[in-house]
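Secondary and tertiary structure notes
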Amino acid sequence: ASGSDDEGSWATARGAWIHVGADGFVTAFTGKVNVGQDNRTALRLLVAGDGPEYKRLRRMAGPNVVFLGAVFAEDLRRLYREAAALLMPGEEDFGIVPLEAQACGCPVVALARGGALETVVAEVTGILVDDSTAEAFAQAIRRALTMTVDAHTIRTHAERFSRQRFGDEIAAEIARVTGVGAA
């Protein structure tokens, strides 16, 4: 993915909310845990969304953490396309947010729980993090910096979860079970 003069921007998004659990990312990017390849590397974290944690997280953030507030869908897609990765600190039942990012060719660094286990392919479409601590996220981000990213492969993976495929497979299963519409 493209980025700025450093290793690129990293984005965290959760619809219109900053997800509970974003502390780990904000802490990692604020310098309390070094995520760069050396001490001079300053990575930028873009936080899209707002919500009950917004003010608290903003107070704990350093200058390389930028809070964008609520963003429109098209702006979010642009952020995904330009980000080095989407950072997903919390657990989501299905994994829609990681799929949205992957549909834009953006790799994902996500907590290894919930829907991320189904929608993120470790070391292919992203990195799964076992622990929600700032150090665990920092380590995963360091791994992601060295990961070979193939936006086409990531997009193709996301297409496996498309509405069209879902509809086609449901129709085929109904036809198989009922014998109606089967060729």
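To be clear, the structure that these remarks concern was listed above.
These figures come from a predicted structure and were not determined experimentally. (Residues numbered from 1 in each chain as written. Predicted model: local features only at pLDDT ≥ 70, side-chain atom pairs only at ≥ 80, totals over all residues. Heavy atoms only, no water.)

Quick notes on the side chain of glutamate 92
Checked against the element boundaries, glutamate 92 lands in the loop between β4 (85-88) and α4 (96-103). Since its relative accessible area comes to 9%, glutamate 92 is described here as buried. Here the side chain of glutamate 92 touches isoleucine 96 through a polar contact of 2.8 Å, landing on its backbone nitrogen. (Helix = DSSP H or I, 4+ residues; strand = E, 2+ residues; numbered from the N terminus. Buried < 20%, exposed > 50% of the residue type's maximum accessible area, 1.4 Å probe, protein only. Polar contact = N/O pair within 3.5 Å; in protein donor to acceptor, adjacent residues only side chain to side chain.)

Considering the nonpolar core
One broad trend across soluble globular proteins is that nonpolar side chains are buried collectively. The biggest cluster of nonpolar side chains holds 25 residues, and the ones touching the most others in it are Phe29, Leu45, Val65, Phe67, Leu87 and Val109. Counting residues per element, the ones that place at least two in this core are α1 (23-29), β2 (44-50), α2 (54-60), β3 (65-69), β4, β6 (126-129) and α6 (134-146). If one sorts the elements of this core by residue count, α6 sits on top with seven residues. Apart from the residues within four sequence positions on either side, valine 65 is in contact with Val26, Phe29, Thr30, Leu45 and Val47. Membership of the second largest hydrophobic core comes to 18 residues, among which are Leu76, Cys106, Val120 and Leu128. (Core = buried A, V, L, I, M, F, W, Y, C linked by side-chain atoms within 4.5 Å. Contact = heavy atoms within 4.5 Å.)

Some remarks on the layout of surface pockets
Gaps left between atoms are located by rolling a probe of water-molecule size over the structure's atoms. Approximately 540 Å³ is the volume attributed to the largest pocket. In this structure, the largest pocket is lined by 20 residues; those nearest its centre are Ile96, Leu99, Phe161, Ser162 and Arg163. When contributions to the lining of the largest pocket are tallied by element, the ones reaching two or more residues are α3 (73-82), α4, α7 (151-159) and α8 (163-178). When the residues that make up the lining of the largest pocket are grouped by side-chain class, the tally is 11 nonpolar, one polar and eight charged. (1 Å grid on protein atoms, 1.4 Å probe; cavity = no way out; pocket = protein on both sides within 12 Å on 5 of 7 lines; lining within 4 Å. Points joined across faces, edges and corners; volume = space filled by probe spheres on them. Nonpolar A, V, L, I, M, F, W, Y, C, P; charged D, E, K, R; others polar.)

Side note on the pattern of salt bridges
Counted according to the given criterion, the structure contains seven salt bridges. Across the pair arginine 142 and glutamate 135 runs a salt bridge whose closest N-O atoms are separated by 2.9 Å. Judged by relative accessible area, glutamate 135 falls into the partly exposed class, the value being 41%. With its nearest N and O atoms 2.5 Å apart, the salt bridge here joins arginine 176 to glutamate 173. Of this pair, arginine 176 and glutamate 173 both sit in helix α8, three residues apart, roughly one helical turn. Within the structure, one salt-bridge network assembled from shared partners comprises Glu74, Arg77 and Arg81. (Salt bridge = Lys/Arg side-chain N within 4 Å of Asp/Glu carboxyl O.)

Let's talk about the pairing of strand β5 (residues 108-111)
Burial along β5 is two-sided: Val108 and Ala110 facing one way and Val109 and Leu111 facing the other are all buried. The pairing of β4 with β5 spans three bridges and is parallel. By the bridge assignment for β5, methionine 88 is matched with alanine 110. In this region the chain leaves β4, passes through α4 and returns to the parallel neighbour β5; the handedness of that crossover is right-handed. Here four bridges tie β5 to β6, and the two strands are oriented parallel to one another. For leucine 111, the partnering residue across the bridge sits in β6 and is valine 129. (Pairing = 2+ DSSP bridges. Right-handed = clockwise from strand over helix to strand, strands pointing away.)

Scope: geometric values only; no functional claims are made or implied.
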